[in-house]
Each structure stands twice: as structure tokens, then as C-alpha cells.
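Structural features, examined
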Amino acid sequence: MSADAKIQAILASSGFSSKLAKMISVEEAGALWKLSPTAELVGNPLAQALHGGAITAFLELACGAVLSHRLDRNCLPQLISINVQFLAPMRLAPVTAQPNLRRIGRRVAVAHVDAWQDSPDTIVCAAQCEFLCEFA
């Protein structure tokens, strides 16, 4: 099974990811994630800003799926905590994210992800996730 197919299978294991899955594409074997949002993800209609919860879920899915793939698991890991920094309003435009596994321990894994809309030099959102490595 190719890396992209495996990542799509991992995403299919989550109920919430099915809502976002049609908007997510994965490139470079999970190194780059792209969310092509629709108007239903707008949280502030006056500013046309994307909903923070949808962006947070996207970043969590990216980090969790990369960890699952690395550990050769078929489901998403349990999230322990997430810390998200919204650095600028996110417009109704594609969002690209680059997850990075920082540490995989016996019990806990730490991942960091940066997200941008126009240029990787202008980060609009960043997150750090901690996951339980003992999958169900």
C-alpha cells in the first residue's frame, strides 16, 4: 500500500475526519497537507475568516496521521493535548500545513505543525500536539 493510500485509510478511521476528508489532500507522503476549505468552514462571515475549530482539527489530523503512519498503525492516536497559536486571520483560501514529529517516546509522542496560506515564509497558524503512543 502506498504512503498516500495508507494515510487516507488512517483518516477514514476517524468520524470527524470524514467531514474534512473531502477538503484535504496529502502530498509528498504526508510531508505536506492541504486544506481547500469551503464556505461551510467560515467562522466569521463578516471577515470571511475560517473557523478556528476546523483549522485545529485539520492540524490535529495531519499530526496524528503522520504519527500513525510512522508507527505503522491503522487508526489515529489519542490526543493528550494541543496548543494552537493563531498568528493571523485565516481567509477562505487553501491552507498548507507541514507536520513534524519532534519526539516519539514509549508512551507519548510530540508533533509540531506550521500552517500558511500564501507563502511558507508567512506562518498564519502553528500547533504542538501530544499523543498517546499506545493505540487502541
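Whatever comes next refers back to the structure up there.
Residues numbered from 1 in each chain as written. Predicted model: local features only at pLDDT ≥ 70, side-chain atom pairs only at ≥ 80, totals over all residues. Heavy atoms only, no water.

Turning to the overall build of the chain, a few remarks are in order. A count of helical and extended segments in the chain gives three helices and eight strands. Of the regular secondary structure in the chain, the N- to C-terminal order runs α-α-β-β-β-β-α-β-β-β-β. Out of the 136 residues belonging to the chain, those deemed buried represent 43%. Pairs at least 24 residues apart make up 62% of the contacts formed inside the chain by residues separated by at least 6 positions. Entry remark: accessible area of the chain is about 7100 Å², with carbon and sulfur atoms responsible for 52%. (Helix = DSSP H or I, 4+ residues; strand = E, 2+ residues; numbered from the N terminus. Buried < 20%, exposed > 50% of the residue type's maximum accessible area, 1.4 Å probe, protein only. Contact = heavy atoms within 4.5 Å. Areas by Shrake-Rupley, 256 points an atom, 1.4 Å probe, with all protein chains shown as cover.)

On to unusual backbone geometry, then. At Asp72, a position not held by glycine, the phi torsion is positive, near 55°. Along the chain, Asp72 turns up in the loop between α3 (52-70) and β5 (78-86).

Spatially, the six strands line up as an open sheet ordered β1-β2-β6-β7-β8-β5, and their pairing is antiparallel. The open sheet is flanked by β1 (24-27) and β5, the only strands paired with a single partner. Averaged over all pairs of adjacent strands, the angle between strand axes in this sheet comes to 20°, irrespective of strand direction. Where strand β2 (residues 32-35) and strand β6 (residues 95-104) come together, three bridges link them in antiparallel fashion. (Pairing = 2+ DSSP bridges. Axes fitted to C-alpha atoms, helices over the stretch in contact; angles between N-to-C directions.)

Turning next to the side chain of Glu130. Tracing the backbone shows Glu130 in strand β8 (residues 123-132). Within the structure, Glu130 has its side chain in polar contact with the side chain of Gln128 (distance 2.8 Å). In this structure Glu130 touches Gln78, Leu79, Ile80, Ser81, Ile82, Val108, Ala109 and Val110, once residues within four positions along its chain are discounted. (Polar contact = N/O pair within 3.5 Å; in protein donor to acceptor, adjacent residues only side chain to side chain.)

Attention now moves to the pairing of β1. Burial along β1 is one-sided: Ile24 and Val26 are buried, while Ser25 and Glu27, pointing the other way, are not. Sheet analysis places β1 next to β2, joined by four bridges and oriented antiparallel. Directly across from Val26, in β2, lies its bridge partner Trp33.

Counting 36 residues, the largest nonpolar core has Trp33, Leu35, Phe58 and Leu59 as its most contacted members. At the level of elements, α1 (3-12), β1, β2, α3, β6, β7 (108-116) and β8 are the ones that each hand at least two residues to this core. When residues of this core are assigned to their parent elements, the largest contribution, 11 residues, is made by α3. Setting aside residues no more than four positions away along its own chain, Leu35 makes contact with Leu20, Met23, Ile24, Leu41, Ile55, Phe58, Ala93, Pro94 and Val95. (Core = buried A, V, L, I, M, F, W, Y, C linked by side-chain atoms within 4.5 Å.)

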